[in-house]
Amino acid sequence: MTPYDKLKSLPEASQFLRPGIRFADLDAQAHRFSDNEAARRLNAARDKLFRTINKALTPVA
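The notes below deal with the structure included here. Here the residue numbers are simple positions, counted from 1 along each chain's written sequence. Reporting of local features is limited, given that this is a predicted model, to residues whose pLDDT is at least 70; pairs of side-chain atoms are given and counted only at 80 or more, and all residues count toward the totals for whole chains, interfaces and linings. To get the side-chain values, all heavy atoms of the structure are used, and hydrogens and water are removed first.

Regarding the pattern of salt bridges
Worth spelling out the cut-off: Throughout this description, the term salt bridge denotes a Lys or Arg side-chain nitrogen within 4 Å of a carboxyl oxygen of Asp or Glu. Where helices and strands are cited, they refer to DSSP runs of H or I of at least four residues and of E of at least two residues respectively, numbered from the N terminus. Per-residue accessibility, obtained with a 1.4 Å probe over protein chains only, is compared with the maximum for each type, and a residue is labelled buried under 20%, exposed over 50%, and partly exposed between these values.
This model, assessed by the stated rule, comprises four salt bridges. A salt bridge links Lys8 to Asp27, with the nearest nitrogen and oxygen atoms 3.0 Å apart. Taken together, the positions of Lys8 in helix 1 (residues 3-9) and Asp27 in helix 2 (residues 23-30) put the pair 19 residues apart, joining distant regions of the chain. The residue Arg41 makes a salt bridge to Glu37 at a minimum N-O spacing of 3.1 Å. Here Glu37 and Arg41 lie together in helix 3 (residues 35-57), a separation of four residues that amounts to about one turn. Residue Arg41 is classed as partly exposed on the basis of its relative accessible area, which comes to 41%. On the basis of relative accessible area, Glu37 is assigned to the partly exposed category, the value being 23%. Taken together, the shared-partner salt bridges connect Glu37, Arg40 and Arg41 into one network.

Below, the structure is given as structure tokens:
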């Protein structure tokens, strides 16, 4: 069970959402990409973040 699935399974789970956010909207976003596509996007964003950090930490000669 994912953390999102666990949240949805809680009694009165909607009380934990921010005002104006609905599970229907979150479900649409969660199912927007396949698991593999979501993992690919996550890895690409992580690589970009680490390249940015490394570039900022690299001393200039």
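Things to note about unusual backbone geometry
Phi is positive for Glu12, close to 55 degrees, though the residue is something other than glycine. Turning to its location among the elements, Glu12 is positioned in the loop between helix 1 and helix 2.

Describing the packing of aromatic side chains
Put simply, the rule is: Stacked, tilted and edge-to-face are the three classes applied to pairs of Phe, Tyr and Trp rings, where Trp contributes its six-membered ring and a pair requires centres within 6.5 Å; stacked means planes under 30 degrees apart, edge-to-face means over 60, and tilted covers the rest.
By the definition in use, this model includes one aromatic pair. Note on Tyr4 and Phe23: the rings are 6.2 Å apart at their centroids and 50 degrees apart in plane angle, and the pair reads as tilted. Pair noted here: Tyr4 is in helix 1 and Phe23 is in helix 2, with a separation of 19 residues, a long-range link. Of the residues examined, Phe23 reaches a relative accessible area of 19% and is grouped as buried.

Here's the deal with the environment of Lys55
Along the chain, the position of Lys55 falls in helix 3. Measuring from C-alpha to C-alpha, the distance between Lys55 and Ala28 comes to 36 Å, with 27 residues separating the pair along the chain.

Quick notes on a nonpolar patch on the surface
The condition that has to hold: Only residues whose relative accessible area exceeds 30% and that form no salt bridge enter a patch; like-charged residues are grouped when within 9 Å of one another, and nonpolar side chains (Val, Leu, Ile, Met, Phe, Trp, Tyr) when within 5 Å. Areas reported here follow the Shrake-Rupley algorithm with a probe of radius 1.4 Å; residue values treat only the protein chains shown as occluding.
A surface patch of nonpolar side chains, about 420 Å² in accessible area, is lined by Leu49, Phe50, Ile53 and Leu57. In this fold, Leu49 is placed in helix 3. The class of Leu49 is partly exposed, set by a relative accessible area of 48%.

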